[in-house]
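If you want the building blocks of each chain, they are given just below.
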Amino acid sequence: QVQLVESGGGLVQAGGSLRLSCAASGRTFSVYAMGWFRQAPGKERELVAAITRSGGSTYYADSVKGRFTISRDNAKNTVYLQMNSLKPEDTAVYYCAADRSLKNYVPETIPQYDYWGQGTQVTVSS
């Protein structure tokens, strides 16, 4: 079992930046592939970015490529999402999630993730 706590959300103007953090409890953080999802009002939850256990491979949704960067620090049990050049359409609740299945590739679908955080609100004003 792992608990995930997101932080770093807030209100920012279009073109601005935010850095989200997701801190995980426990000693086995490095075995989990990690993902950042988001859900806007009235829309389905979508994968924004994901990273393998070692950090060697990443995935980005087309809508955020070149603007967002996912990274992890296994020594700190933390995964990050650096968000630059934010747009109003990035407004959503952002969730981090962990996949415990020891995959060597990036998990890209919601059912592949076992643990979820409570989410942090990101609001981008125009």
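Below is a summary of the structure that appears in this document. (Residues numbered from 1 in each chain as written. Predicted model: local features only at pLDDT ≥ 70, side-chain atom pairs only at ≥ 80, totals over all residues. Heavy atoms only, no water.)

1. Observations regarding the side chain of Thr120
Then, number 1: Positionally, Thr120 belongs in strand β11 (residues 120-125).
Then, number 2: Assessed through its relative accessible area of 11%, Thr120 is described here as buried.
Then, number 3: Among the polar contacts listed, one links the side chain of Thr120 to the backbone nitrogen of Gly9, at a separation of 3.3 Å.
Then, number 4: Setting aside residues no more than four positions away along its own chain, Thr120 makes contact with Glu6, Ser7, Gly8, Gly9, Leu20, Ala92, Val93 and Tyr94. (Helix = DSSP H or I, 4+ residues; strand = E, 2+ residues; numbered from the N terminus. Buried < 20%, exposed > 50% of the residue type's maximum accessible area, 1.4 Å probe, protein only. Polar contact = N/O pair within 3.5 Å; in protein donor to acceptor, adjacent residues only side chain to side chain. Contact = heavy atoms within 4.5 Å.)

2. Re the nonpolar core
Then, number 1: One finds Leu4, Met34, Trp36, Leu81, Met83 and Tyr94 to be the most contacted residues of the largest nonpolar core, which totals 31 residues.
Then, number 2: Taken together, the elements giving at least two residues each to this core come down to β3 (18-24), β4 (33-39), β5 (46-51), β7 (68-73), β8 (78-83), β9 (92-99) and β11.
Then, number 3: When residues no more than four places from it in sequence are discounted, the contact partners of Leu81 are Leu18, Arg19, Leu20, Trp36, Val48, Ala49, Phe68, Thr69, Ile70 and Tyr94.
Then, number 4: Ranked by size, the runner-up nonpolar core spans 6 residues in total, among them Phe37, Ala50, Val106 and Tyr113. (Core = buried A, V, L, I, M, F, W, Y, C linked by side-chain atoms within 4.5 Å.)

3. What about the pattern of salt bridges?
Then, number 1: Under the counting rule described, the total for this entry stands at 6 salt bridges.
Then, number 2: Among the salt bridges present, the one from Lys103 reaches Asp99, with a minimum N-O distance of 3.0 Å.
Then, number 3: Under the relative-accessibility criterion, Lys103 is labelled buried at 14%.
Then, number 4: Across the pair Asp114 and Arg100 runs a salt bridge whose closest N-O atoms are separated by 3.7 Å. With Asp114 in the loop between β9 and β10 (115-116) and Arg100 in the loop between β9 and β10, this pair connects stretches of sequence that are 14 residues apart.
Then, number 5: A residue is classified by how much of its surface remains accessible, and Asp114, at 32% relative accessible area, is partly exposed.
Then, number 6: Salt bridges sharing common partners tie together Arg38, Glu46, Arg67 and Asp90. (Salt bridge = Lys/Arg side-chain N within 4 Å of Asp/Glu carboxyl O.)

4. Details of the pairing of β11
Then, number 1: Burial along β11 is one-sided: the residues Thr120, Val122 and Val124 are buried and none of Gln121, Thr123 and Ser125 is.
Then, number 2: Sheet topology places strand β2 (residues 10-13) next to β11; 4 bridges connect them, and they run parallel. By the bridge assignment, Val12 is partnered in β11 with Val124. (Pairing = 2+ DSSP bridges.)

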